[in-house]
Amino acid sequence: MEKQLKVLDHPLISHKLTIIRDKRTTSKEFAETVDEIAGLMAYEITRDVRTRKINVETPLMVSQQSTLDQDIIIVPILRAGLGMVEGIRGIAPNAKIGHIGMYRDEETLEPKEYFCKLPEGLEDAYILVVDPMLATGGSASATLTLLKARGAKKIKLVCLVGAPEGVKAVQEGHPDVDIYLAALDEKLNEDGYIVPGLGDAGDRLFGTK
């Protein structure tokens, strides 16, 4: 289980995470910083994307070099997950984008699907499910179940901040999926929000309440 969870402890990520935790941070700065954190995380997350060798003619000679041999598909969980897409796509500009809409019922805290549009080729793709917050783990687990039902095999879950409860739920339901976090926080409060967390990521990204 421990191998499945990877907390990316890096000074630049920690610094930018502090910015988005601050309640005084504006919506514009929040969105820009979420984008930057996602880009920084992308380097580590994509370390094991499949590659193949090709011949390239340099100014000096023909040389055998590596190129990507696998589609990367980024799947944001709507709507907050949208805030992480461009940061990762900046590192992998040819990545395809899928969208899955999940919302959390405020009374039961159970996830409800309301939208799903995915690219073809899930079976062989390298799939990154992105959502800033891993709270109860309900939406993430439901999204992973949906993707597997559509044929996805290589999936990673990428979040900025997670709670132990959410991590445990995903680990128990999907032990084959690696979880990447910028920070593992203390707990969930009685309302299901991550503590200390950073508030409602969707509201802060889009300036809503």
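Residues numbered from 1 in each chain as written. Predicted model: local features only at pLDDT ≥ 70, side-chain atom pairs only at ≥ 80, totals over all residues. Heavy atoms only, no water.

**Q** Report on the environment of Val167, specifying residues and quantitative values.
**A** Relative to the assigned elements, Val167 resides in helix α5 (residues 164-173). On the basis of relative accessible area, Val167 is assigned to the buried category, the value being 5%. With sequence-adjacent residues up to four places away left out, Val167 is seen in contact with Leu5, Leu134, Ile179, Leu181 and Leu184. (Helix = DSSP H or I, 4+ residues; strand = E, 2+ residues; numbered from the N terminus. Buried < 20%, exposed > 50% of the residue type's maximum accessible area, 1.4 Å probe, protein only. Contact = heavy atoms within 4.5 Å.)

**Q** Before we move on, can you summarise the side chain of Ser63 with the specific residues and values?
**A** Within the element layout of this structure, Ser63 appears in strand β3 (residues 62-68). The exposure class of Ser63 is buried, given its relative accessible area of 17%. A polar contact is formed between the side chain of Ser63 and the side chain of Gln65, at a distance of 2.6 Å. Sequence-distant contacts of Ser63, defined by excluding residues within four places in its chain, comprise Ile54, Asn55, Val56 and Thr58. (Polar contact = N/O pair within 3.5 Å; in protein donor to acceptor, adjacent residues only side chain to side chain.)

**Q** Explain helix α2 (residues 27-45) to me, and be specific about the residues and the numbers.
**A** Along its 19 residues, α2 runs 26 Å from first to last C-alpha, staying within 8% of the 27 Å computed at 1.5 Å per residue. Residues of α2 that are buried in the fold lie against α1 (11-21), α3 (85-89), β8 (126-130), β10 (154-162), β11 (178-184) and α6 (201-206). (Expected span 1.5 Å × (residues − 1).)

**Q** Quick one: what's the story with the environment of Gly192, residue by residue and with numbers?
**A** The topology assignment puts Gly192 in the loop between β12 (187-188) and β13 (194-195). With relative accessibility at 4%, the residue Gly192 sits in the buried group.

**Q** Describe the state of the cysteines, listing the residues and the values that go with them.
**A** For the structure shown, the criterion picks out 0 disulfides. Note on Cys116: no disulfide assigned, nearest cysteine sulfur contributed by Cys159 at a separation of 18 Å. What makes Cys159 buried here is its relative accessible area of 1%. (Disulfide = S-S within 2.5 Å.)

**Q** Requested: an account of the pairing of β8, with residues and values cited.
**A** In regular strands, side chains alternate between the two faces of the sheet. The element β8 is largely enclosed, with a buried count of 5 among its 5 residues. What you see with β8 is no split at all: Tyr126, Leu128 and Val130 on one side and Ile127 and Val129 on the other are buried throughout. Bridging between strand β4 (residues 72-78) and β8 involves 5 bridges; their strand directions are parallel. From the neighbouring strand, Ile74 faces β8, where its bridge partner is Leu128. (Pairing = 2+ DSSP bridges.)

**Q** So what about the nonpolar core? Which residues, and what values?
**A** Counting 37 residues, the largest nonpolar core has Ile20, Ile37, Met41 and Leu160 as its most contacted members. Listed by contribution, the elements that provide at least two residues to this core are α1, α2, β4, α3, β8, β10, β11 and α6. Examining the composition of this core, we find that 7 residues originate from one element, α2, more than from any other. In contact with Leu160, not counting residues within four places along its chain, are Ile20, Val34, Ile37, Met41, Met84, Asp131, Pro132, Leu181, Ala182 and Ala183. In this structure, Met102, Ile127, Val129 and Val170 belong to the second largest nonpolar core, which totals 24 residues. (Core = buried A, V, L, I, M, F, W, Y, C linked by side-chain atoms within 4.5 Å.)

**Q** Run through unusual backbone geometry, naming residues and quoting values.
**A** For the bond from Leu78 to Arg79, the omega torsion is 0 degrees, close enough to zero to count as cis. With respect to the helices and strands, the residue Arg79 is situated in the loop between β4 and α3. Residue Val195 is joined to Pro196 through a cis peptide bond whose omega torsion reads 0 degrees. Note that Pro196 resides in the loop between β13 and α6.

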